[in-house]
Amino acid sequence: MKRFGLFLLLSSALLWAASTPVEAQPAATAAPQTGQIATSPHWWKDAVIYEIYPRSFQDSNGDGIGDLNGITSRLDYLQKLGVDAIWLTPIYPSPQVDFGYDISDYENVDPQYGTLADFDRLVAEARKRNISVIMDLVLNHTSDQHPWFLESRSSRTNPKRDWYMWHDGKMVNGELEPPNNWESVFGHSAWQWDAKTGQYYYHRFYIQQPDLNWNNPQVRKAMYDVARFWIRHGVTGFRLDAITSLFEDPSDTDEAYVLGPDGKPVINAFGDKEVKTDKTDNLPEVHDVLRELRQATDAASGRKVVLIGETYLRSIDDLRKMYGAHNDELQLPMDMQVGFINKFDVALFRQRIRDAETEINGDEPLFVFDNHDNPRWDRYQTDAAGTPIFGYGLHHDDIGRVIATILLASRDTALMYYGDEIGMVTTPPARKQDVRDPIGITGWPKEKGRDGERTPMQWDAGPNAGFALPDAKTWLPIPPGYKTFNVAAEEGEPDSMLHWYEQLIALKKNDPALHEGEEILLNTSDDHVLSWLRKTADGEAVVVACNFTPQPQTVSFNLSAQGISRSGLTTLLKTPGAPDPQSADSVQLGPYGVYVGQVR
Ligand code: NOJ
């Protein structure tokens, strides 16, 4: 659970064999039609975006690290799954301290992932399959090995000195200390002493990731040029890393401490007294940059490029602002309010989904449950105290179907993470000496780092799970469950998680109500089942019900209250075990059961 804290709070904020057999119904739709490639300014609306962690998706050259040619070789799979776009986490040249989020050259590809020519081929092959490519753009910081920073730290008078956040220390009782108590998200002071020039530099993340000074117009121009460079290489979107962190309060005064229920400062996994982030996160100046960047990318692409924000925010009001007062900032700030509730609380889900429907001016929500920074969706399996039980638990697949359904049957653009579709589980390292993510070393054992959600994609039951050549040593171990949970096995099982995702994605594209219908929450005082209606102006309607409990439930829908006189249902998709309902008057759901039905 610590990692939810790390990214959500600080930033704002086995029995598999025993589980119910899956019995997904074939979707009453045609095969998914990928067709939303960036041909219009709104290509990303209702799209399915698939996050790829390139190190872990497919290795093509035997070094045990995934690469671009590996991704290209798997495009047919992604097309069959039905995704509209892939987001690649950073592939730029990098010392790889933060596995690519420490960039040393923004206009090239790291040799371990391939070449710029490989990238161009990936974009071209993806385009043939109507799949768009979205790049990760890290604007907040560079690597300390980037030539800009090497220059900046070379002397106080270097022309690039002001490109980063340099500051004098302060004397306390005759000792030199950092300017204030601001903390790095990755533990300890956010200020690093530089002996050569006698000042501290600010780093919100690792010491090797110095923050850029976004008050400097040259920094802005340099980064907008980077965006234009990749647009020329065919990308149709950017996922903006840590975008709320671009600015810091110029007063440079201390943050308040976060207090626990006992009124004492909270001690975080790194042993620090945790400080708030009021002076380092979500400052209003971020919006100026977003407007400028949007103008730059609109102009360079004919308004075809989508800007997606990594926006861990405290409230729906803050999220709304990210779209811009005139829809001139992000098209898709990530809604972390819904997917990271991290417990099956029907009322809370209902409230957050309602917020997304009513509090963002009708803009498109971007729902997300999983990424490379947080435990995978198996975290929703919890004990009575709410502590996650990672792995293949009794209701693993049932819970996965609930999550996939909220993600893909809601009125939203859906962001999924590689391996979600085959039910990959969080597999953290068992021993400190096996940890690769540096925060797992500094935070051990409370914080084991993010390796658990970055393990190699499980393609088949063969050596190295088909991720790498048989004799390659993979950069992270292949999780033990791969012989059962892999693409090849699940392709052959009609009731697999993979087919559940495929069918839901097909419905999202092809069923008019699920594609574009408005969303109306139903049975709003039910504490056990989350239900909603998707309905178009010309009368197409679909009901969706998700049982949030391990007990069977029966629900009844009063559709006439929604202006629908019909009450017959045709099943589009359902978890096994439950009978086909005859009407909306009685829909039976098994433990964590899901029902999706067309109203007729
Ligand atoms: C957010 C990214 O998702 C995470 O992986 C990274 O460590 C930080 N930003 C710093 O770039």
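Reading the values: rules and limits
Residues numbered from 1 in each chain as written. Predicted model: local features only at pLDDT ≥ 70, side-chain atom pairs only at ≥ 80, totals over all residues. Heavy atoms only, no water. Buried < 20%, exposed > 50% of the residue type's maximum accessible area, 1.4 Å probe, protein only. Helix = DSSP H or I, 4+ residues; strand = E, 2+ residues; numbered from the N terminus. Pairing = 2+ DSSP bridges. Near = heavy atom within 4 Å. Polar contact = N/O pair within 3.5 Å; in protein donor to acceptor, adjacent residues only side chain to side chain. Areas by Shrake-Rupley, 256 points an atom, 1.4 Å probe, with all protein chains shown as cover. Nonpolar A, V, L, I, M, F, W, Y, C, P; charged D, E, K, R; others polar. Phe/Tyr/Trp six-rings, centres within 6.5 Å; stacked < 30°, edge-to-face > 60°. Lys NZ or Arg CZ within 6 Å of the ring centre and 35° of its normal. pLDDT = per-residue confidence, 0-100. Contact = heavy atoms within 4.5 Å. Salt bridge = Lys/Arg side-chain N within 4 Å of Asp/Glu carboxyl O.

A closer look at the pairing of strand β9 (residues 237-241)
Part 1 of the reasoning: Buried residues dominate β9, accounting for 5 of its 5 residues.
Part 2 of the reasoning: Residues G237, R239 and D241 of β9 are buried on one face, and the alternating residues F238 and L240, pointing to the opposite face, are buried as well.
Part 3 of the reasoning: As defined by bridge partners, strand β3 (residues 132-138) adjoins β9 across 5 bridges and the pair is classed as parallel. Bridge assignment links L137 to a residue of β9, and that residue is L240.
Part 4 of the reasoning: Of the pairings in the sheet, the one linking β9 to strand β10 (residues 306-309) comprises 4 bridges and is parallel in character. For R239, the partnering residue across the bridge sits in β10 and is I308.

A look at the site of the ligand
Part 1 of the reasoning: Neighbouring residues of the ligand: D98, Y101, H141, F186, F205, R239, D241, E310, H372, D373, R450 and R454.
Part 2 of the reasoning: Separating an oxygen atom of the ligand from a side-chain N or O atom of H141 is a distance of 3.0 Å.
Part 3 of the reasoning: One of the side-chain N or O atoms of R239 is found 3.1 Å from an oxygen atom in the ligand.
Part 4 of the reasoning: The fraction of the free accessible surface of the ligand (300 Å²) that becomes covered by protein chains is 100%.
Part 5 of the reasoning: In terms of residue class, the shell around the ligand is built from 3 nonpolar, 2 polar and 7 charged.

What about the packing of aromatic side chains?
Part 1 of the reasoning: Within this structure, the stated rule accounts for 33 aromatic pairs.
Part 2 of the reasoning: Measuring from centroid to centroid gives 5.0 Å for Y77 and W459, while their planes differ by 85°, and the two rings are edge-to-face. Of this pair, Y77 sits in helix α3 (residues 75-81) while W459 sits in the loop between α12 (438-442) and α13 (487-491), placing them 382 residues apart in sequence. The residues Y77 and W459 share a single accessibility class, namely buried.
Part 3 of the reasoning: Measuring from centroid to centroid gives 5.1 Å for F344 and Y380, while their planes differ by 40°, and the two rings are tilted. With F344 in the loop between α9 (336-339) and α10 (346-358) and Y380 in the loop between β12 (366-368) and α11 (396-409), this pair connects stretches of sequence that are 36 residues apart.
Part 4 of the reasoning: In this arrangement the basic side chain of R376 is found over the ring face of Y418, its NZ or CZ atom lying 4.8 Å from the centre.

Observations regarding the confidence of the model for the protein
Part 1 of the reasoning: Summing up the model confidence of the protein, the mean pLDDT is 93 and the portion of residues at 70 or higher is 94%.
Part 2 of the reasoning: Between residues 8-36, whose pLDDT stays under 50, and residues either more than four places distant or in other chains, the model counts 90 contacts.

Structural notes on the sheet that holds strand β8 (residues 199-202)
Part 1 of the reasoning: Sheet architecture is open: 3 strands sit in the order β4-β8-β7, paired in antiparallel fashion. Edge positions in the open sheet fall to β4 (166-167) and β7 (191-194), since each of these has one partner strand only.
Part 2 of the reasoning: Strand direction decides the pairing type here: β4 and β8, joined by 2 bridges, are antiparallel. Within the sheet, the bridge partner assigned to W166 lies in β8 and is Y201.

Let's talk about the pattern of salt bridges
Part 1 of the reasoning: In the structure shown here, the tally under the stated rule is 32 salt bridges.
Part 2 of the reasoning: K160 is the salt-bridge partner of E151, the closest N and O atoms lying 4.0 Å from each other.
Part 3 of the reasoning: The exposure class of K160 is buried, given its relative accessible area of 18%.
Part 4 of the reasoning: Note that R153 is salt-bridged to D194, the shortest N-O span being 3.0 Å. Residue R153 is located in the loop between α5 (147-152) and β4, and its partner D194 is located in strand β7; the two are separated by 41 residues in the primary sequence.
Part 5 of the reasoning: Using a relative accessible area of 5% as the deciding quantity, one classes D194 as buried.
Part 6 of the reasoning: Residues joined in a network through salt bridges with shared partners are D98, D373, D437, R450 and R454.

Here we look at the environment of I131
Part 1 of the reasoning: Examined against the element boundaries, I131 turns out to sit in the loop between α4 (116-128) and β3.
Part 2 of the reasoning: Counting along the chain gives 139 residues from I131 to F270, while the straight-line C-alpha distance between them is 41 Å.

Describing unusual backbone geometry
Part 1 of the reasoning: With an omega of 5°, the peptide bond running from W444 to P445 counts as cis.
Part 2 of the reasoning: With respect to the element layout, P445 can be found in the loop between α12 and α13.
Part 3 of the reasoning: Backbone geometry places A242, a non-glycine residue, at a positive phi of 45°.
Part 4 of the reasoning: Even without glycine at this site, N282 takes up a positive phi of about 60°.
Part 5 of the reasoning: Mapped onto the fold, N282 is located in the loop between β9 and α7 (285-301).

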